[in-house]
Amino acid sequence: MTPIEIKNKTNMTQRDGFTSTFGVLVATLGSAVGLGNIWKFPYLTGTNGGAGFLLVYLLATLLLGLPVMIGETMLGRATRANAVSIFEKLRPAQPFWKIIGYTGMLAAMLILGFYTEVAGWVFAYIFKALSGSLLHGDASAAQAQFKATIANPLSALAWQWAVLLLTGGIIMLGVSKGIEAVAKRLMPVLFLLLVVLCIRSLTLSGAGAGLKFLFAPDFSKVSAGVILTAVGLAFFKLSIGMGTMLTYGSYFRDDQNIPVTAGRVMLADLSISLLAGIAIFPAVFTFHFAPTDGPALVFLTIPAVFASMPGGQIFMVLFFVLTALASIGAILSLLEVPVAALTERLHWSRRKATALTVLLIAILGAPAALSNGAAAHWTIFGLTFFDFYDFVSSNLLLPVGGLLLCVFVGWIIGRDWVQSQLSNRGLLANQAVVTGVFMLLRYVSPVLIVIVLLRGLKVF
Ligand code: TRP
């Protein structure tokens, strides 16, 4: 279920949200799973040295991602409000905390500025796969093809706008029910397709080298900067640190077991990322690509694996279609944060809030879209706009948002309230789990985030 559908439902039933425990799981997973799994996870694992990065990412997911996700959905459910108003409701006398919602809105805009562009590349690749022009296993030809696709300024902008119009239209018109029903059925298909891809990849000649890269850690590559990137990815993956899970939590059911739901979402999300990694890295070594090929990685390797399979072209089209659908689910959850806050706080219509948000993203996103061609030489702190938006959101705003959330839950809201919320007012016998989550949120996660941020940003 997407936000608008939940909204429609909540209008009828006073914001009581999802109808089933399973619905909550699917909706939350629909936000978490996206380009983060298929595109970002493999490319960052490649550029940051492989297994060592993966290990740090796993630790960050367990020690920071999971508790923050639980904390966010808990606050959302308890207040049934948008990412800004949640803090106003809980601590009306301390307006400072609303900053979590505001930085979240900023982060959402920056993420959408580059995310919609990558989604555009996926759409473009659907058509290339259909036309058959992707069926080759030649590394340099594939690289040239990818570069040509993303460098063309007109098509870069046009694809980004197409994605924005499509997702903005879905949010505005409320036709998401159909889309989500489709996505819900197709998510298992994506999973199966990834399993097929993995099997094919594991029988390639470079399988050993690929698996070694992915699973045999070389700790010499794990620098402070690498750790910060892994932490940023953990936040990005679980859609936390900027309000998506706060907002989604506000549609959770009262009898939802929050820690268990969050744990399941995390595990399912992680398995999809790992499958993508296992599908991609053997191909990197077999077809002479480089793990450091960056954002191009999935667009180069996946067609090469499919080209080596019978019926490859059909599978390839299916793969890019499914990835596009997954990215739409994630984009809707990002758009929902500013749209929900603008409509509820300024009493704007959904139409107006969406139109303004989409327009802003189109303006902000244009230099990111052009970063791989016409605007490649426009840089901020030595980064292209594309990389700058990605860096500022994932490596700065999301961890800071997560840190503030930990402090809010662990030190301002306090133990008894958390205990009551996470045990559904004593109905669940999960005392030990709740204590663990609370201790992580109060002591462990904030300290870790501060150290990682300061070291990663070279403050000390
Ligand atoms: N988690 C999604 C992905 O990995 C992206 C996403 C959706 C997101 N909502 C978010 C990232 C909120 C950060 C914050 O593709």
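Definitions and limits used
- Residues numbered from 1 in each chain as written.
- Predicted model: local features only at pLDDT ≥ 70, side-chain atom pairs only at ≥ 80, totals over all residues.
- Heavy atoms only, no water.
- Salt bridge = Lys/Arg side-chain N within 4 Å of Asp/Glu carboxyl O.
- Helix = DSSP H or I, 4+ residues; strand = E, 2+ residues; numbered from the N terminus.
- Buried < 20%, exposed > 50% of the residue type's maximum accessible area, 1.4 Å probe, protein only.
- Contact = heavy atoms within 4.5 Å.
- Polar contact = N/O pair within 3.5 Å; in protein donor to acceptor, adjacent residues only side chain to side chain.
- Near = heavy atom within 4 Å.
- Areas by Shrake-Rupley, 256 points an atom, 1.4 Å probe, with all protein chains shown as cover.

Engineer: How would you explain the pattern of salt bridges if you had to name every residue and give the values?
Structural biologist: Counting across every chain of the model gives eight salt bridges. In this structure, Asp254 and Arg80 form a salt bridge, with 2.8 Å as the shortest nitrogen-oxygen distance. Taken together, the residues span a long stretch of sequence, with Asp254 in the loop between α12 (244-249) and α13 (258-286) and Arg80 in the loop between α4 (51-79) and α5 (85-90) at a distance of 174 residues. On the basis of relative accessible area, Asp254 is assigned to the exposed category, the value being 57%. The exposure class of Arg80 is buried, given its relative accessible area of 15%. Residue Asp218 pairs with Lys221 through a salt bridge whose shortest N-O separation is 3.6 Å. Here Asp218 falls in the partly exposed class, since its relative accessible area comes to 30%.

Engineer: Any chance you could break down the environment of Arg91 for me, citing the residues and the numbers?
Structural biologist: Take Arg91: it is sitting in the loop between α5 and α6 (99-131). Separated by 288 residues in the primary sequence, Arg91 and Thr379 have C-alpha atoms spaced 40 Å apart. Setting aside its immediate chain neighbours within four residues, Arg91 contacts Phe408, Ile412 and Ile413. Reaching out from Arg91, the side chain makes a polar contact with the backbone oxygen of Ile412 at a distance of 3.0 Å.

Engineer: Explain the site of the ligand to me, using residue names and the numbers behind them.
Structural biologist: Taken together, 16 residues surround the ligand, and among them Ala32, Gly36, Tyr115, Phe236 and Lys237 come closest. A distance of 3.4 Å separates a nitrogen atom of the ligand from a polar atom in the backbone of Ser31. Within the side chain of Ser333, one N or O atom sits 3.2 Å away from a nitrogen atom of the ligand. Considering the ligand on its own, with 360 Å² of exposed area, one finds that the protein chains cover 100% of that surface.

That's the geometry; what it means functionally is another story.
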